[in-house]
Number of protein chains: 2
Amino acid sequence: MQEQAVAWRHAGDEIGVVPTMGALHAGHDSLVARARRENQRVIVTVFVNPAQFGPNEDFARYPRPFDQDRARLEALGVDAIFHPAVDQIYPPAFKTRVDPGPLAEVLEGKSRPGHFAGVLTVVLKLFNLTQPKRAYFGQKDFQQVVLVRQLVRDFGLPVRIVAVPTVRHTDGLAISSRNAYLDPGQRQLAPAVHHAITEAAHGFAGGETDPVRLEALTRERLAATPGLVLDYVAVVDDTTLSRPAHAIPGNVLAVAVKLGSIRLIDNVVLGAERL
Amino acid sequence: MQEQAVAWRHAGDEIGVVPTMGALHAGHDSLVARARRENQRVIVTVFVNPAQFGPNEDFARYPRPFDQDRARLEALGVDAIFHPAVDQIYPPAFKTRVDPGPLAEVLEGKSRPGHFAGVLTVVLKLFNLTQPKRAYFGQKDFQQVVLVRQLVRDFGLPVRIVAVPTVRHTDGLAISSRNAYLDPGQRQLAPAVHHAITEAAHGFAGGETDPVRLEALTRERLAATPGLVLDYVAVVDDTTLSRPAHAIPGNVLAVAVKLGSIRLIDNVVLGAERL
């Protein structure tokens, strides 16, 4: 892949890369469409990255419908699909990792130790192998966007990170490969997450700038949904992930819940469409 | 720097990069000369990297004769000198680091915890900022070469790491910026390090392949020099840094000693000129 990518760059083509774990859905389509509009070449990587799964997470059962994914990407008109084997990314002697520092310890990182080190390690390697000018990530994985941007800034990578707004089902649930794990009852409850953060965002639009009260509003709304267990709700700065004294446009309200054993995350950018 | 480097690469020029901490000497000259022969463009970075110094090491007093260094590099005909300020490499919000894994814990790493994480973090960033096709490192810092090669391999960096043979004073002492710290008496004793490893290398050439005996030979020879305190001597594989059952050509005999408070390192590649 790297040789092809380097040849494209030398020929003057800008490359847009969409890193995915496959099991593609409308959210990925939106990333690819945006990449297609902004670059001469589009590479989609399909790699279920073992390093970002915890020991009790769903690495083994994570869906891998590669034939479907390939057909979908061909229909979208990408220039290359990079679908490496695990030992192509992590050969037996592999030892070096990215240490993302303290922002990897909060929010998602608190529930998923090691997750973002795994994400940044593979993202850095995929960037080196695909030589993007721009890389596209879904806003749903908000903290991932923040940490990938930190990686790019700290290491001086010549890549622009584009965050693409979350695509939703008509009832508001953020589209995610993991939604497939929900049983019909859970699936019916799941949109409550979006409704709760939307209500808080309306609160902000209506003048409520106290982050603690915006969080409380979300928490109360979620508490009204039986069976839904809150992991965290937090209003944070989109670079430092710290809670602002007063919420301002561009701050993010992020939430994680569990429905049975299924973990769902979502977020809303206060006063703005996107990160 | 990055914009210039990207422009050179786009124009089809190959860039050779020589990362240094300044205080340039004949060893650096040899790196630059090699880079000059093999690339259309040569960039020398001059940066005393705080992240690779321990709290009790010589960061503050490390020599920084930049005007001399610049004149020297101009005379050698380099295309660019990249001499960033500390906060250009490590701005206040800097958080991401390279975690080099277990090979950073042995030999030099044992005496200098965190050293190689600091080295690899800055090397990765400097590579991103200077876009080398080839990068040149002195063989004297053998473990550094091994770990930079591991970084390149593990992260898929499109860079070739060239190890350049150690340049020596006529009495055998490896040239190093830190030799300036030696008092006249220590300076006279210092070549014993080179003599000891050369004798062991002759032993290998003469048929001795037991690494333990090669190490013992070095140790005995060094013990004959009063005032010289051994830190480690080790025969190791040049990729895994583990001791082979039997030494083979390409294995490295590496040594570190102290003369007073001054730490000196040196090494020899068994049965070969270079790494």
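Residues numbered from 1 in each chain as written. Chains lettered and ligands numbered in written order. Predicted model: local features only at pLDDT ≥ 70, side-chain atom pairs only at ≥ 80, totals over all residues.

Quick look at the overall build of chain A
In step 1: Assigned secondary structure in chain A consists of 10 helices and nine strands.
In step 2: Dimensions of chain A, computed from the C-alpha atoms along their principal axes, are close to 55 × 40 × 35 Å.
In step 3: Here chain A holds 275 residues, and 43% of them are scored as buried. (Helix = DSSP H or I, 4+ residues; strand = E, 2+ residues; numbered from the N terminus. Buried ≥ 20, exposed ≤ 12 C-beta atoms within 10 Å, placed from the backbone.)

Quick look at the domain arrangement of chain A
Residues and elements named next belong to chain A.
In step 1: Looking at chain A, the domain boundaries give domain 1 (2–164) and domain 2 (177–269).
In step 2: With centres defined by C-alpha atoms, the gap from domain 1 to domain 2 works out at 25 Å.
In step 3: On the domain 2 side, the residues contacting the 11 residues of domain 1 number 14 residues.
In step 4: When contributions to the side of domain 1 that touches domain 2 are tallied by element, the ones reaching two or more residues are α5 (108–111) and α7 (142–155). (Domains from an automatic or database assignment. Contact = placed C-beta atoms within 7 Å.)

Topic: the sheet that holds strand β7 (residues 228–236) of chain A
The strands making up a sheet associate through hydrogen bonds between their backbones, and the pairing can be parallel or antiparallel.
Residue and element names in this part refer to chain A.
In step 1: Taken together, the three strands give an open sheet; going across it, the order is β7-β8-β9, and neighbouring strands pair in antiparallel fashion. This sheet does not close on itself; its edge strands, each paired only once, are β7 and β9 (262–269). Taken pair by pair, the neighbouring strands of this sheet meet at an average axis angle of 15°, ignoring direction.
In step 2: Pairing of β7 with strand β8 (residues 252–259) involves eight bridges; the strand directions are antiparallel. By the bridge assignment for β8, V229 is matched with K258.
In step 3: Of the strands in this sheet, β7, β8 and β9 are in contact with helix α9 (residues 192–205), which crosses β9 at around 25°. (Pairing = 2+ DSSP bridges. Axes fitted to C-alpha atoms, helices over the stretch in contact; angles between N-to-C directions.)

Remarks on the interface of chain A and chain B
In step 1: Contact residues are listed per partner, giving 25 residues for chain A and 25 residues for chain B.
In step 2: Residue assignment for the side of chain A that touches chain B shows that the elements contributing at least two residues are α1 (2–10), β4 (97–99), α6 (115–130) and α7 of chain A.
In step 3: In terms of residue class, the side of chain A that touches chain B is made up of 12 nonpolar, eight polar and five charged.
In step 4: Bridge count between β4(A) and strand β4 (residues 97–99) of chain B: three bridges; the pairing is antiparallel. Paired with A:R97 across the strands is B:D99, a residue of β4(B). (Nonpolar A, V, L, I, M, F, W, Y, C, P; charged D, E, K, R; others polar.)

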